[in-house]
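# Residue-level structural notes
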Amino acid sequence: MSKKNSYNNNSTANSIDIKTYAFKVFSYWKLFVVTIIIGLIIAKFMNGYKEKVYSLNTVISVKEENNPLFSTGTNIAFNWGGESDAMGTVKVVLTSRTHNEKVVDALQFYIDYLKEGRYRQEDVYGSTPFKIVIEKDKPQLYNKLIKIEGISEDKYRISFDYEKEGTNPLISYLNDIEKFGSGNKFSKYKSTEINFSAEYSFGEKISLPFFNFTINSVGTMSPGDVYFIKFNSFDDTVKNYRNMKVNDLTDGASILELKLEGSNKKRIVDYLNESVKVLERDKKSAKIAYAENTKKYIDNLFEKESDSLKILEKELSRYRSKNNIFNLSAQGTRILEEITLLDQQKRAVTNNIEELDSLNNYIITHNKFNNIPVPAIIQIADGKIPQEVGELISKTTVREKLRNVVTDNHPDIIRLDNEIRTTKKIIVENIRNLRNTFSNDLEKINKRLSVTLDKQKALPEKEQGLIAYERSYDMSEANYNYLKQKSYEAGTAIAANVSDVKIIDTAKDLGNGPIYPIPSFNYLVAIMLSIVLPLFYIIISEVLDNKIHTVEEIEGTYAIPVLGVVGRNNWRNNLAVFERPKSSVAESFRALRSNIQFLFTKNTESKTKTLLLTSSVSGEGKTMISINMASVFALSGKKTVLIGLDLRKPKIFSDFELTNENGVVNYLIGQNEIEEVINKTQIPNLDVILSGPIPPNPSELLISDKTAVMIKYLQVKYDYVIIDSPPIGLVSDSLELFKFSDAIIYVIRQNYSEKGMMKMIDDKYKNKEVTNISYVLNDFSLQGKYGYGYGYGYGYGYGYGKYGNGYHEDEPSSNFFTKIFKLLKPKS
């Protein structure tokens, strides 16, 4: 049963604690309101002040595309399949320096178009009524805001301030970025003027030592419209745009999402779309590089063979005219046809062997294969070699691009090196096998040709000469027609190239809001911080708070019971009971008068009752409680005397408008008799004995025999003796006076007394060294953060302040201005 009761008591205590803490938090509602308002104001300001950042994207597919008009059996040795591992390559290329240099150069994004905004100069690219067309190889004023102000529909004013030092940096943008390794070329311009201002017409070319551009109108610029332009570093601009995010849109599919963030949506859209165009163009160029080299080789041979054919045609005509022989005999015709056929076969095989040897030598001795001297005229029975050569070119091209952005130790570089070595070995092995086959064919052709040439010797000498000329002419003509066909095929292959990059979704502004700042998120964070920060403040305040606030804290900490509470006295002096008898403070003292009767023992019921008041330190309201307790007893018809025994810091005299010249000290040192130090007051039945002059030895005086004689004398003469003793926490005088008291009131002041101050007196109570003692909580005010307050059971009467419900006549609450006036009012 006892365990159950203990459990219930603990549960009740826990619920009370939760309720108490809830009231403490709710009591700070004004703080929460203020912090939330401030937080929302800051969030609104940040939403407007922070530069808005937008995010747009484009979606592309990267997939191997083959031209349906061609196949690997085509005589043109061409890599239709593109590079392997295209996805990984494209990701690296899109963020590479070289790729972004091409995009920035094409869009001229090193030029800023700005307009004065509320908090900053805003990027207004794409919404200006004009466009800058610069001469890239000529100097422009570097990193300087240049003001463009509209004068009329066709005129504008351009102005800026020179550098104070007179040295103005200039920048020119190089056309050949790959050659110079940078897009910037810096120089300086010496100026003697303070500023520059001039008027120009739209479309008029500006050629100055520091300006070389044309401003073309693309809209209507009203008079007074002001814009700014600025020429930035090419390399720095490229660096800023290399943060493009390239992600796989779906697993297992060759689809990429290109995402870019920035403050200007039009600029983002143009950059993403141009980046895809540059990628597509470069991919096509890489695919047809081998075919273009092949066509150049064919066209060179075709030109030489054309010249040779013309020479042979003239020589054949002269021989016929000179020898008067224009046609061959039937036997000579058969022999020529047979020789011509064998010559064609021999020529084809010989060319193949020579080109295979050239290809084999190039692959073995070179590491780069962008310019492989392989003509597309090889009649290769094995179609794998052209395909493998194309793959080798593609892998090498990819490696060179990757090498611009990563080191040789990068996993992609190592993988490509292994693939290149493997492909080279396969090509060399296939070349050797195919060359052996061609060598055997050539040996057979030579044997057949030797037999046919022996037959030719049986013909007349002139006919043999004619056969020799016609044989040479037919061979040259066959080469000419063959090269012409192959040149056509190579040109067709280049023109019919199919890109591996396909655009699924172009970048487009669909009215999406900014990704930063997000107004709703900022408002939410502001509200959360406005709640969390005050909560931290409350928690820290509670942790560091060592003051007494409620009766519950006293009861939960100490063994001495609580007699009651006294409200805050806002009257001009301490005579609250006498001068404001209907106030809640006066009512609280009447409740104390009733409750204190339980402290007096039965043997004191028929004699004088002595009440001693003490506290821990000065300032807790002990003297105010003493005066009003004496007053409440006196007003009830009891003869009462108030003794001021706080000899170190006397205060009672001022409230009764008396002087402190004579008092207890005068009696104790033998200057006056007891009756001579007793003072009448304006309160009926109440006499007061003041402390008197401050003595050098108050402790010795209080423990003297004359003190006991005085108190015994007063106990005989009065019904109630009220002793205002010194604070027990500072001096031990009060402990010596405890023996004269029938009851003791220990005063604690709300929000002033510290929790550890009462430990000494509480220990004495537990050890039964002190009895008939109770606490009184002074200066009590009903504050929501400390619960519901304290009610009837502890002598608080019918309520306090605004909660009095009309029973009391309390002083109205002071507003802010009244409090300020009281602080500024001089004291009389």
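Remember, predicted model here, so these are calculated numbers, not experimental data.

Conventions we followed
Residues numbered from 1 in each chain as written. Predicted model: local features only at pLDDT ≥ 70, side-chain atom pairs only at ≥ 80, totals over all residues. Heavy atoms only, no water. Helix = DSSP H or I, 4+ residues; strand = E, 2+ residues; numbered from the N terminus. Contact = heavy atoms within 4.5 Å. Areas by Shrake-Rupley, 256 points an atom, 1.4 Å probe, with all protein chains shown as cover. Salt bridge = Lys/Arg side-chain N within 4 Å of Asp/Glu carboxyl O. Buried < 20%, exposed > 50% of the residue type's maximum accessible area, 1.4 Å probe, protein only. Pairing = 2+ DSSP bridges. Axes fitted to C-alpha atoms, helices over the stretch in contact; angles between N-to-C directions. Core = buried A, V, L, I, M, F, W, Y, C linked by side-chain atoms within 4.5 Å. Phe/Tyr/Trp six-rings, centres within 6.5 Å; stacked < 30°, edge-to-face > 60°. Left-handed = near helix turned anticlockwise from the far one by under 90°. Patch = residues over 30% accessible without salt bridge, like charges linked within 9 Å, V, L, I, M, F, W, Y side chains within 5 Å. Parallel < 35°, antiparallel > 145°, perpendicular 65-115°, else oblique. Nonpolar A, V, L, I, M, F, W, Y, C, P; charged D, E, K, R; others polar. Expected span 1.5 Å × (residues − 1).

## Quick word on the overall build of the chain
Helix and strand content of the chain: 24 helices and 24 strands. Intrachain contacts of the chain at a sequence separation of at least 6 include 79% that bridge at least 24 residues. As displayed, the chain offers around 43000 Å² of accessible surface, 53% of which is attributable to carbon and sulfur atoms.

## Quick word on the pattern of salt bridges
Using the criterion set out here, one finds 33 salt bridges in the structure. A salt bridge links glutamate 587 to arginine 590; its shortest N-O distance comes to 3.2 Å. Residue glutamate 587 and its partner arginine 590 are located together in helix α15 (residues 584–595), separated by three residues, close to a single helical turn. Overall, arginine 590 belongs to the partly exposed group, its relative accessible area being 24%. Residues participating in the shared-partner salt-bridge network are Lys395, Asp412, Arg415 and Glu419.

## Some details on the sheet that holds strand β1 (residues 54–62)
Spatially, the four strands line up as an open sheet ordered β14-β15-β1-β16, and their pairing is antiparallel. Strands with a single pairing partner mark the edges of an open sheet, and in this sheet they are β14 (245–248) and β16 (501–505). Mean inter-strand twist for the sheet, computed between neighbouring axes without regard to direction, equals 30 degrees. Bridging between β14 and strand β15 (residues 255–262) involves four bridges; their strand directions are antiparallel.

## With respect to the nonpolar core
Among the nonpolar cores identified, the biggest contains 60 residues, and Phe130, Ile132, Phe211, Phe213 and Phe231 are the most heavily contacted of them. With residues near it in sequence (within four places) discarded, phenylalanine 211 still touches Pro139, Gln140, Leu141, Ile146, Ile158, Phe160, Phe196 and Ile206.

## Section: the packing of aromatic side chains
Per the stated rule, a full pass over the model turns up 32 aromatic pairs. Ring centres 5.6 Å apart and planes at 80 degrees place the aromatic pair phenylalanine 130 and tyrosine 227 in the edge-to-face group. Taken together, the residues phenylalanine 130 in strand β4 (residues 130–134) and tyrosine 227 in strand β13 (residues 226–231) connect sequence positions 97 residues apart. Accessibility expressed as a relative area gives 1% for phenylalanine 130, which makes it buried. A residue is classified by how much of its surface remains accessible, and tyrosine 227, at 7% relative accessible area, is buried.

## Overview of the packing of helix α8 (residues 330–365) against helix α11 (residues 461–495)
Helix packing geometry: the angle between the two helix axes and the distance between the axes. Contact pair α8 / α11: the axes reach a minimum separation of 10 Å and the direction vectors enclose 40 degrees. Along this stretch, α8 crosses α11, giving a crossing that reads as right-handed. The residues of α11 that touch α8, namely those facing Gly332, Leu336, Ile339, Thr340, Asp343, Gln344 and Arg347, are Glu463, Ile467, Glu470, Arg471, Asp474, Met475, Ala478 and Asn479.

## Examining a nonpolar patch on the surface
On the surface, Leu40, Ile527, Leu529, Ile531, Val532, Leu533, Leu535, Phe536, Ile539, Ile540, Val543 and Leu544 cluster together into a nonpolar patch covering about 1100 Å² of accessible area. The leading source of residues in the nonpolar patch is helix α12 (residues 519–544), at 11 residues. Relative to the elements of secondary structure, isoleucine 531 occurs in helix α12.

## Structural notes on the packing of α8 against helix α10 (residues 411–456)
At a minimum axis distance of 8 Å, the contact between α8 and α10 shows a crossing angle of 155 degrees. Here α10 runs roughly antiparallel to α8, going by the angle between their axes. Both α8 and α10 take part in a crossing whose hand is left-handed. Looking at the contact of α8 with α10 residue by residue, the classes come out as 18 nonpolar, eight polar and nine charged.

## Overview of the sheet that holds strand β21 (residues 686–689)
In space, the eight strands of this open sheet follow the order β17-β24-β23-β18-β22-β19-β21-β20, with mixed pairing throughout. At either end of the open sheet lies a strand with only one pairing partner, and these are β17 (562–567) and β20 (678–680). Here the strands of the sheet are splayed against their neighbours by 25 degrees on average, with no regard to which way each runs. Here five bridges tie strand β18 (residues 609–615) to strand β22 (residues 720–724), and the two strands are oriented parallel to one another. Its bridge partner being in β22, threonine 610 is matched across the sheet by valine 721.

## Regarding the side chain of lysine 622
With respect to the helices and strands, lysine 622 occurs in helix α16 (residues 622–635). Lysine 622 gets classed as buried once you look at its relative accessible area, which sits at 5%. Not counting residues within four places of it along the chain, the set of residues in contact with lysine 622 comprises Leu613, Thr614, Ser615, Asp646, Asp724, Ser725, Pro726, Pro727 and Val747.

## Focus on α15
For α15, spanning 12 residues, the distance from its first C-alpha to its last is 16 Å, which sits close to the expected 16 Å at 1.5 Å a residue. Summarising burial for α15: nine of the 12 residues are buried, a large majority. When we look at burial in α15, the residues that qualify are Ser584, Val585, Ala586, Glu587, Ser588, Phe589, Ala591, Leu592 and Asn595. Looking at the packing, one finds that the buried side of α15 touches β17, α14 (576–579), α16 and β24 (773–780).

## A few points about the pairing of β24
Counting buried residues along β24, eight of its eight residues qualify, which places the element largely inside the surrounding structure. Judged from the four bridges that link them, β17 and β24 form a sheet pairing that is parallel. Bridge assignment links valine 565 to a residue of β24, and that residue is leucine 777. As paired elements, strand β23 (residues 743–749) and β24 share six bridges and run parallel to each other. Bridge assignment links valine 747 to a residue of β24, and that residue is valine 776.

## Focus on unusual backbone geometry
Residues other than glycine predominantly adopt negative phi, and peptide bonds predominantly adopt the trans conformation. With an omega of -10 degrees, the peptide bond running from tyrosine 516 to proline 517 counts as cis. Examined against the element boundaries, proline 517 turns out to sit in the loop between β16 and α12. The residue glutamine 108 is not glycine, and still its phi comes out positive at about 55 degrees. Looking at the element boundaries, glutamine 108 is found in the loop between α4 (97–107) and β2 (111–116). If you check the backbone angles, glutamate 657 has positive phi at about 55 degrees while not being a glycine. With respect to the helices and strands, the residue glutamate 657 is situated in the loop between α17 (652–655) and α18 (664–668).

Bear in mind that shape data such as this cannot, by itself, settle questions of function.
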